[in-house]
Amino acid sequence: MGTVTPARGPKEPQQERSRATRRALLEAAVSCLAERGWSGSTVSVVAERAGVSRGAAQHHFRTREDLFTAAVEHVAEKRQGALKAVAHDLPPAGSAARTRIVVEEIVNLYTGPLFRAALHLWVAASDEAPLRDRVTALEARVGREAHRTAVALLGADESVPGVRETVQGLLDMSRGLGLATLLTDDKPRRDRVVTQWARILDTVLNGEG
């Protein structure tokens, strides 16, 4: 007697389509925000880019603020996941090679399309009261996660004086490079800064100087 394969319920493909629509809207929202800024990124524009109706977009995200804060958080989580995945192929903890790779990866976190999109959202939040509290909370959450990830990848001991501040300084410096990249993508200059920060981190992490 043959094995009977149970039929898939109608809700399963419907739920998958719903998840796919949501993903498409989030990706489209980040692209629009990075390319057009807040003023040029409406729900209608995002829906068109995602290939769905405005009604479908509003089914998933009731307001424009819902859509764009969710979009930036979505891509931030993806980038953090990619950053954490670097841990599997890193050189030994405490080595200069490991520090250099981690610094490069963290800088990349702040110099790509996500940072550009997030920056537009921050600027909009400074003028849009309904958006301000949500973006402030989102940025705090993303910042804490980035700090935890950096500490883990570097193998840093934050009980040692100066280590926590130096790791946070790396994140702040990376944001600064992200701002500079908005105007000119000066990779040779960025590489020199990365090299110097890797040296600083090695000194602090290894208790030298």
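Residues numbered from 1 in each chain as written. Predicted model: local features only at pLDDT ≥ 70, side-chain atom pairs only at ≥ 80, totals over all residues. Heavy atoms only, no water.

Engineer: Could you give an account of the overall build of the chain, with specific residues and numbers?
Structural biologist: Of the regular secondary structure elements, the chain holds nine helices and zero strands. Overall, the chain shows an N-to-C arrangement of helices and strands of α-α-α-α-α-α-α-α-α. Taken along the three principal axes of its C-alpha coordinates, the chain extends 65 × 60 × 30 Å. Taking the contacts inside the chain whose residues are at least 6 apart along the sequence as the reference set, 68% of them involve residues at least 24 apart. Summed over its atoms, the accessible surface of the chain is roughly 11,600 Å², and 54% of this surface lies on carbon and sulfur atoms. The chain carries 29 positive and 26 negative side-chain charges, and their two centres are separated by 5 Å. (Helix = DSSP H or I, 4+ residues; strand = E, 2+ residues; numbered from the N terminus. Contact = heavy atoms within 4.5 Å. Areas by Shrake-Rupley, 256 points an atom, 1.4 Å probe, with all protein chains shown as cover. Lys, Arg positive; Asp, Glu negative; His and termini not counted. Charge placed at Lys NZ, Arg CZ, Asp CG, Glu CD.)

Engineer: Tell me about the nonpolar core, residues and numbers included.
Structural biologist: Core analysis: the largest hydrophobic core is formed by 31 residues, its most contacted members being Val46, Leu67, Phe68 and Leu121. Residue assignment for this core shows that the elements contributing at least two residues are helix H1 (11-36), helix H2 (43-50), helix H4 (64-85), helix H6 (113-127) and helix H7 (129-154). The element contributing the most residues to this core is H1, with eight residues. The contacts of Leu121, once residues within four sequence positions are left out, are Leu33, Trp38, Phe68, Thr69, Val72, Leu131 and Val135. (Core = buried A, V, L, I, M, F, W, Y, C linked by side-chain atoms within 4.5 Å. Buried < 20%, exposed > 50% of the residue type's maximum accessible area, 1.4 Å probe, protein only.)

Engineer: Please provide a residue-by-residue account of H6, values included.
Structural biologist: With 15 residues, H6 ought to run about 21 Å at 1.5 Å a step, and its terminal C-alpha atoms sit 22 Å apart, in line with that. Restricting attention to buried positions, one finds in H6 the residues Leu114, Phe115, Ala117, Ala118, Leu119, Leu121, Ala124 and Ala125. (Expected span 1.5 Å × (residues − 1).)

Engineer: So what's going on with the UniProt feature "DNA-binding region" (unreviewed entry) in the chain? Residues and values would help.
Structural biologist: The positions UniProt marks with the feature "DNA-binding region" (unreviewed entry) are residues 42-61. Secondary structure content for residues 42-61 is 75% helix and 0% strand, and the end C-alpha separation is 12 Å. (UniProt positions renumbered as here; feature names shortened; annotations may be inferred.)

Engineer: Quick rundown of the environment of Val123? Include the residues and the values.
Structural biologist: The topology assignment puts Val123 in helix H6. Given the relative accessible area of 48%, Val123 is considered partly exposed. Between the alpha carbons of Val123 and Trp38 there is a distance of 8.4 Å; along the sequence they are 85 residues apart.

Engineer: Quick rundown of helix H9 (residues 187-205)? Include the residues and the values.
Structural biologist: Here H9 contains 19 residues, and its C-alpha end-to-end distance of 26 Å stays within 8% of the 27 Å for a straight helix at 1.5 Å per residue. Buried within H9 are the following residues: Arg190, Val194, Trp197, Ala198, Leu201 and Asp202. Within H9, the buried residues cover an arc of 140° as seen down the axis, which keeps them to one side. In H9, the exposed positions that point more than 90 degrees away from the buried face belong to Arg192 and Arg199. On the buried face of H9, the contacting elements are helix H5 (96-110), H7 and helix H8 (163-183). (Arc of directions from axis to C-beta.)

Engineer: Can you tell me about the pattern of salt bridges, naming the residues and giving the values?
Structural biologist: Applying the stated rule across the entire model yields twelve salt bridges. A salt bridge links Arg49 to Glu35; the nearest nitrogen and oxygen atoms lie 2.9 Å apart. With Arg49 in helix H2 and Glu35 in helix H1, the pair connects residues that are 14 residues apart, well separated along the chain. The partner of Glu73 in a salt bridge is Arg141, and the shortest N-O contact between them spans 2.8 Å. One end of the pair, Glu73, is in helix H4; the other, Arg141, is in helix H7, and 68 residues separate them in sequence. Accessibility expressed as a relative area gives 38% for Arg141, which makes it partly exposed. Through salt bridges with shared partners, a single network forms among Glu16, Arg19 and Arg23. (Salt bridge = Lys/Arg side-chain N within 4 Å of Asp/Glu carboxyl O.)

Engineer: An account of the confidence of the model for the chain is needed here, citing residue identities and associated values.
Structural biologist: Per-residue confidence for the chain gives a mean pLDDT of 86; residues scoring 70 or more make up 93%. Within the chain, H6 has the poorest average pLDDT of any element, 80, and H2 the best, 95. (pLDDT = per-residue confidence, 0-100.)

Engineer: Pulling in residues and values, what's your account of the packing of H5 against H7?
Structural biologist: It is the contact of H5 with H7, at a shortest axis distance of 10 Å, that shows an interaxial angle of 160°. Between H5 and H7, the angle falls in the class roughly antiparallel. When the axes of H5 and H7 are compared, the crossing they make is right-handed. Facing Arg98, Thr99, Val102, Ile106, Leu109 and Tyr110 of H5, the residues of H7 in contact are Ala146, Ala150, Ala152, Leu153 and Leu154. Considered class by class, the residues forming the contact of H5 with H7 number nine nonpolar, one polar and one charged. (Axes fitted to C-alpha atoms, helices over the stretch in contact; angles between N-to-C directions. Parallel < 35°, antiparallel > 145°, perpendicular 65-115°, else oblique. Left-handed = near helix turned anticlockwise from the far one by under 90°. Nonpolar A, V, L, I, M, F, W, Y, C, P; charged D, E, K, R; others polar.)

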